[in-house]
Amino acid sequence: MTDRYAVIGHPVEHSLSPRIHAAFARACGHDIAYDRIAAPRDGFRAAALAFRDAGGKGLNVTLPFKHEAWALAERHSDYARGAGAVNTLVFAGGAIAGHNTDGIGLARDLRDNLACPVAGRRVLLMGAGGAVYGVVEALLRERPRSLFVANRTPDKAQALVAHFAALHALADGGVGAGPYAGLGGRFDLVINATSAGLGDAMPALPADALEPGALAYDMVYGRVTPFMKFAAAHGARAVDGLGMLVEQAAESFFIWRGVHPATKPVIDELRRDGEGRRANGEGKGA
Ligand code: ATR
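Bear in mind that the values here come from a model prediction, so they are computed numbers and not experimental data.

So, how was this worked out
Residues numbered from 1 in each chain as written. Predicted model: local features only at pLDDT ≥ 70, side-chain atom pairs only at ≥ 80, totals over all residues. Heavy atoms only, no water. Axes fitted to C-alpha atoms, helices over the stretch in contact; angles between N-to-C directions. Helix = DSSP H or I, 4+ residues; strand = E, 2+ residues; numbered from the N terminus. Parallel < 35°, antiparallel > 145°, perpendicular 65-115°, else oblique. Left-handed = near helix turned anticlockwise from the far one by under 90°. Contact = heavy atoms within 4.5 Å. Pairing = 2+ DSSP bridges. Buried < 20%, exposed > 50% of the residue type's maximum accessible area, 1.4 Å probe, protein only. Polar contact = N/O pair within 3.5 Å; in protein donor to acceptor, adjacent residues only side chain to side chain. Phe/Tyr/Trp six-rings, centres within 6.5 Å; stacked < 30°, edge-to-face > 60°. Lys NZ or Arg CZ within 6 Å of the ring centre and 35° of its normal.

(A) Just the packing of helix H5 (residues 102–113) against helix H9 (residues 242–257), in detail. Packing of H5 against H9 leaves a shortest axis separation of 7 Å and a crossing angle of 120°. Accordingly, the angle class assigned to the pair H5 and H9 is oblique. For H5 against H9, the interelement crossing comes out right-handed. On H9, the residues touching Asp102, Ile104, Gly105, Leu106, Arg108, Asp109 and Asn113 of H5 are Gly243, Met244, Glu247, Gln248 and Glu251.

What follows is the structure in structure tokens.
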């Protein structure tokens, strides 16, 4: 029998997840169906449970339902616990399991596709919203040399770092938080997890925060953001978040199906078809 999965969100029409999972299933020889569920804003729980009760095996959860998915899950992976949010639900009999694959997706894209592993790097993470909570746990596990979280509203960055310090006993002072102004030192990996690019803006990043040759990663995909243009103009290598979108999907596929699909052919195909140019923030937490 065909196993059924879906992505649930509001809106969800432009999600690339059905296409990505169909490509994974084809390549792995798995018989699955993967749909979109557009749930009303106040209808996540009912729609998710109806899908499960009709035999659905799992859901990807996108905005704005990741916190509600956390609440629906009866047990949580470490990554979901760090994020306080769930993007992958497993309905495999027994308790509903909640995972978060966004951080693993980002870390794998950096390491495997972009030859820029987090390990040993001085990382600047911009933003302190849900997208950042989703990735910090995975970034810390990769053992960066240091991790600084900058945000327009510095209090939120400080609260975020305190949350993860409580989970991790961050002892060595390699983790900090604050505003963009006065960012001391240069960073060799700068990750934009703000929503500024969707509104054609960018955070007030000082140019000297970028080490020459640094990787400037925007978690948004589908457009060249002001941050990417700024970074390229200041000697950095600028990339978007399409690879993260595909990698987080691959980790969901692994959780559901027990196999790691190859991601490069799917990333290449989406770029070839121009899907990477579509205006869409899904990569920032699909
Ligand atoms: P998400 O779930 O996508 O992270 P969010 O929780 O609304 O969304 O967080 C948006 C993030 O983008 C915040 O860090 C926000 O900064 P503030 O906390 O100061 O609001 C950041 N952001 C949005 N627009 C921005 C801009 N023009 N410049 C700098 N930061 C911006």
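This is not the end of the story, as more comes after the structure.
(B) Highlighting the sheet that holds strand E7 (residues 122–126). Taken together, six strands build an open sheet; the order of strands is E9-E8-E7-E10-E11-E12 and the sheet is parallel. Where the open sheet ends on each side, the last strands, each with one partner, are strand E9 (175–178) and strand E12 (237–239). The average undirected angle you get between the axes of adjacent strands in this sheet is 15°. In this structure, strand E10 (residues 187–192) lies alongside strand E11 (residues 210–218), joined through five bridges in parallel fashion. Note on E11: the bridge partner recorded for Ile191 is Tyr217. Sitting on the sheet, H5 is in contact with E10 and E11, with an inclination near 135° to E11.

(C) Quick look at the environment of Gly94. One can find Gly94 in the loop between strand E5 (88–90) and strand E6 (97–99). Along the sequence, Gly94 and Glu74 sit 20 residues apart, while their C-alpha atoms lie 9.4 Å from each other.

(D) Expanded view of the packing of H9 against helix H10 (residues 264–272). Viewed as axis vectors pointing N to C, H9 and H10 meet at an angle of 140°, and their least axial separation amounts to 10 Å. It follows that H9 is oblique to H10 by the angle criterion. Considering how the two elements wind past one another, H9 and H10 form a crossing that is right-handed. Residues Leu242, Gly243, Val246 and Glu247 of H9 form the contact with H10, whose participating residues are Val266, Ile267, Leu270 and Arg271.

(E) Looking closely at the side chain of Thr225. Structurally, Thr225 is set in the loop between E11 and helix H8 (226–233). For Thr225, a relative accessible area of 0% puts it in the buried group. Within the structure, the side chain of Thr225 is placed 2.6 Å from the side chain of Asp218, a separation counted as a polar contact.

(F) A look at the packing of aromatic side chains. On inspection of all chains with the given rule, the structure shows five aromatic pairs. Seen from their ring centres, Tyr34 and Trp256 are 6.4 Å apart, and the 50° between their planes marks the pair as tilted. In this pair, Tyr34 is assigned in strand E2 (residues 32–38) and Trp256 in helix H9, connecting sequence segments 222 residues apart. Exposure remark for Tyr34: the relative accessible area of 11% places this residue in the buried category. Taken together through their ring pairs, the aromatic side chains of Tyr5, Tyr34 and Trp256 make up a single cluster. For the cation-ring pair, Arg141 lies above Tyr79, with the distance from its terminal atom to the ring centre recorded as 4.8 Å.

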